[in-house]
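# Residue-level structural notes
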Amino acid sequence: MGVSVDSPSQKGSWRFFTRRKQVDSPRKNTKPILAKELTIYHLIAIGVGSTIGAGVYVLVGTVAREHSGPALAISFLIAGLAAGLSAFCYAELACRCPSAGSAYHYSYICLGEGVAWLIGWALILEYTIGTAAVARGVTPNLASIFGGLDNLPFFMSRQHIPGIDIIVDPFAAILVLLVTGLLCLGIKESTVVQGIVTSVNVCALLFVVIAGGYIGFKSGWAGYELPTGYFPFGVDGMLAGSATVFFAYVGFDAVASTAEEVRNPQRDLPLGIGASLFLCCGIYMLVSIVVVGLVPYYAIDPDTPISSAFAVHGMQWAAYIINAGACTALISALMGGILPQPRILMAMARDGLLPPFFCDINKHTLVPVKSTIITGVAAAVLAFSMEVSELAGMVSVGTLLAFTMVAISVLILRYIPPNKIPVPPSLRSSIVVIEVVNEDEHVSTSEDTKPLDVTRDFPIDHPLISNHLVIGNYVNEGNRRRLVRRTIALICLGAFVLTFAASCLTFLSYVRFALCGVGGILLVSGFVFLSCIDQDEARHDFGHSGGFICPFVPLLPIACILINFYLLINLGLETWLRVSIWLVTGLVLYAFYGRTHSSLKDAIYVPASQVDQTYQTPRNYLA
């Protein structure tokens, strides 16, 4: 142990992959800042609008027929509780680090530049494909209102291009471009429109609940009077249904992405995330209770479950209201899908990982107009020319990777919060940076530093060395941070081994049981270790204080990691092959551009406590 001087990273070192930035330090290229216009009501509109897409109008039929049966409402409840774990983690990080970028931003602060780049790159893919998929779904729902695909106007109907054998959807592209133009007008204006569209969708779903409830009480809820009972597919089927509907709750990430535009982020962000998730879960459960009660689960039409359930009871006209609700749900989800991506691109450009073009903010609307236009055009081209339904699994990868990194970030923030601040190398001539170095403490430094002996190399009364410096205490702290870091890594490894062994049915039974045992031991041991040690006191001063605090740490983040790993592993090999191509492409781009243009490329890392005592770090150098 000792005291040493930190210096910029050496060329050829892999330490650049673990460079971590500071919380909310403004960068040179972030002027003007985004407009702070959003209140809790705007956040709820964004959250509910991004979450309740047209999937609920189809998902209830498929899951009820294949997995849950009459227990569909319980599947939605369990999925909502599982999504709530990630929502808790998001809420704390959004309060402590209220800047644009969502999971990318949190990962950069807690995990490092390399992981943050991969998360940001995966989220770009998620939102682009998700937006195109939503846009392609508008035409079939409009066709239901017009009486069939053949009755649609020419500009709204899909066209088959002979020779190249593709089906283009011009209306989907037009709709994406219209929504993009709306988002360029300003965050408040676009959110108000999204709130109106979302309100129409919610009204349509409330009609389903109220009218369906009246029919159900009048007819005796025939769907629940079954000889197979409430769990025809067993508890396993109900849990499988929960895994399927889990992705119906992922819209709260869009709320976190607007953190920089919220007037009171410490109060409104957790309330917006929590309220939108609670409302969506309640609506999903009420709709599913009504639908599976009106018609036996095996008789539900998987394509039009809600309208067909009303038609069975002589209310064919209800299909118009339901289809109108599905269309507004798609439009609202389209707005929620395009909204976060320009802000992620802007955050990555601020950090130097993408060209500065992406972080330009319009002086009049105070939104990243150029990034929004690029995002909209890319999604419009994809929606026009490709049938993206088979790529839908790639959307889930980005979501689950982000959820996992956010949960890991909460563990890091609580037990080993970043304790070094990056400052520009120009300051080295004006300040001698002395820092206490812990063995194996390399996560947030730019290079390995050589430990020096305190009594030999520096006088004990050096101004940057605390008077109460006790070498033994630093030894213990160094061991503690190293052990916690390794424990978190073992928890992730245990979760992966456990979920992989449980999901891989091709293994022999004794191999699966052995692997499950190893994974379970690693997971439980890590949980016990973190539960037995105290959380770091520095967490109280990390980032912005006074906001939401995630409860039940470390249990809640570990449960979130376990659930996300299970869902990731079950996405299928084909999906992972496609995503791997995208991620490898991103790594190549990072290696040739982001790594060398990073704002932290030549940064010097200074212990935060010593900087606060001896030097005020300039706020125009942001991490």
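To be clear, the structure that these remarks concern was listed above.
Residues numbered from 1 in each chain as written. Predicted model: local features only at pLDDT ≥ 70, side-chain atom pairs only at ≥ 80, totals over all residues. Heavy atoms only, no water.

## Notes on helix α7 (residues 170–184)
With 15 residues, α7 ought to run about 21 Å at 1.5 Å a step, and its terminal C-alpha atoms sit 21 Å apart, in line with that. Burial of α7 is extensive: eleven of the 15 residues sit out of reach of the surface. Among all positions in α7, only P170, F171, A172, A173, L175, V176, V179, T180, L182, L183 and C184 are buried. On its buried face, α7 is in contact with α5 (113–136), α6 (138–146), β3 (166–168), α8 (187–219), α13 (318–338) and α15 (369–385). (Helix = DSSP H or I, 4+ residues; strand = E, 2+ residues; numbered from the N terminus. Expected span 1.5 Å × (residues − 1). Buried < 20%, exposed > 50% of the residue type's maximum accessible area, 1.4 Å probe, protein only. Contact = heavy atoms within 4.5 Å.)

## Comments concerning the nonpolar core
The biggest cluster of nonpolar side chains holds 172 residues, and the ones touching the most others in it are Y57, Y90, I306 and F310. If one sorts the elements of this core by residue count, helix α16 (residues 392–415) sits on top with 16 residues. Among all residues touching I306, those that are not within four sequence positions of it are V56, Y57, V60, V208, V287, V291 and I322. (Core = buried A, V, L, I, M, F, W, Y, C linked by side-chain atoms within 4.5 Å.)

## Notes on the pairing of strand β4 (residues 420–423)
Consecutive side chains of a regular strand alternate in pointing toward one face of the sheet and then the other. Every second residue of β4 is oriented toward a common face, with K420 and P422 on one face and I421 and V423 on the other, all of them buried. Sheet topology note: the β4/strand β6 (residues 604–607) ladder contains four bridges and is antiparallel. Considered in β6, the bridge of P422 is made with Y605. (Pairing = 2+ DSSP bridges.)

## Comments concerning helix α1 (residues 40–51)
The first and last C-alpha atoms of α1 sit 16 Å apart over twelve residues, in line with the 16 Å expected at 1.5 Å per residue. The buried fraction of α1 is high, at eleven of twelve residues. Those residues of α1 not exposed but buried are I40, H42, L43, I44, A45, I46, G47, V48, G49, S50 and T51.

## A word on the pattern of salt bridges
Close approach of charged atoms lets side chains of opposite charge pair. Inspection of every chain in the model, using the stated rule, returns 13 salt bridges. Of the charged contacts in the structure, one is a salt bridge between R263 and E37, with a shortest N-O distance of 3.7 Å. Taken together, the residues span a long stretch of sequence, with R263 in the loop between α10 (252–257) and α11 (265–294) and E37 in the loop between β1 (2–4) and α1 at a distance of 226 residues. Among the salt bridges present, the one from E574 reaches R578, with a minimum N-O distance of 2.8 Å. Separated by four residues within a single helix, E574 and R578 lie in helix α21 (residues 573–597), roughly one turn from each other. Judged by its relative accessible area of 52%, E574 falls in the exposed class. For R578, a relative accessible area of 24% puts it in the partly exposed group. When salt bridges that share partners are traced, they join E92, R96 and R414 into one network. (Salt bridge = Lys/Arg side-chain N within 4 Å of Asp/Glu carboxyl O.)

## Describing the packing of helix α3 (residues 72–96) against helix α20 (residues 555–569)
Here α3 crosses α20 at 125°, and the two axes come no closer than 9 Å. In terms of axis orientation, α3 runs oblique to α20. Note that α3 runs across α20; the crossing there is left-handed. Facing α3, whose interface residues are A82, L85, S86, F88 and C89, α20 presents L556, P557, A559, C560, I563 and N564. (Axes fitted to C-alpha atoms, helices over the stretch in contact; angles between N-to-C directions. Parallel < 35°, antiparallel > 145°, perpendicular 65-115°, else oblique. Left-handed = near helix turned anticlockwise from the far one by under 90°.)

## Points about the packing of aromatic side chains
Tallied over the entire structure, the rule returns 26 aromatic pairs. A ring pair is formed by Y104 and Y108, whose centres lie 5.9 Å apart and whose planes are at 65°; its orientation type is edge-to-face. On the criterion of helical spacing, the pair formed by Y104 and Y108 is a turn pair, its members being four residues apart in helix α4 (residues 103–110). An identical accessibility class is assigned to Y104 and Y108; each is buried. Every member of this aromatic cluster is reached through a ring pair, and the members are Y90, Y106, F246, F247, F252 and F403. (Phe/Tyr/Trp six-rings, centres within 6.5 Å; stacked < 30°, edge-to-face > 60°.)

## Considering the side chain of T191
Within the secondary structure, T191 sits in helix α8. A relative accessible area of 2% means that T191 is categorised as buried. A polar contact is formed between the side chain of T191 and the backbone oxygen of I187, at a distance of 2.6 Å. What T191 contacts, discounting residues up to four positions off in sequence, is L38, H42, A45 and I46. (Polar contact = N/O pair within 3.5 Å; in protein donor to acceptor, adjacent residues only side chain to side chain.)

## Quick notes on a nonpolar patch on the surface
A contiguous nonpolar surface patch, about 330 Å² in accessible area, is contributed by L177, I373, V377 and V381. No other element matches α15, which puts three residues into the nonpolar patch. Among the secondary structure elements, L177 is positioned in helix α7. Judged by relative accessible area, L177 falls into the partly exposed class, the value being 45%. (Patch = residues over 30% accessible without salt bridge, like charges linked within 9 Å, V, L, I, M, F, W, Y side chains within 5 Å. Areas by Shrake-Rupley, 256 points an atom, 1.4 Å probe, with all protein chains shown as cover.)

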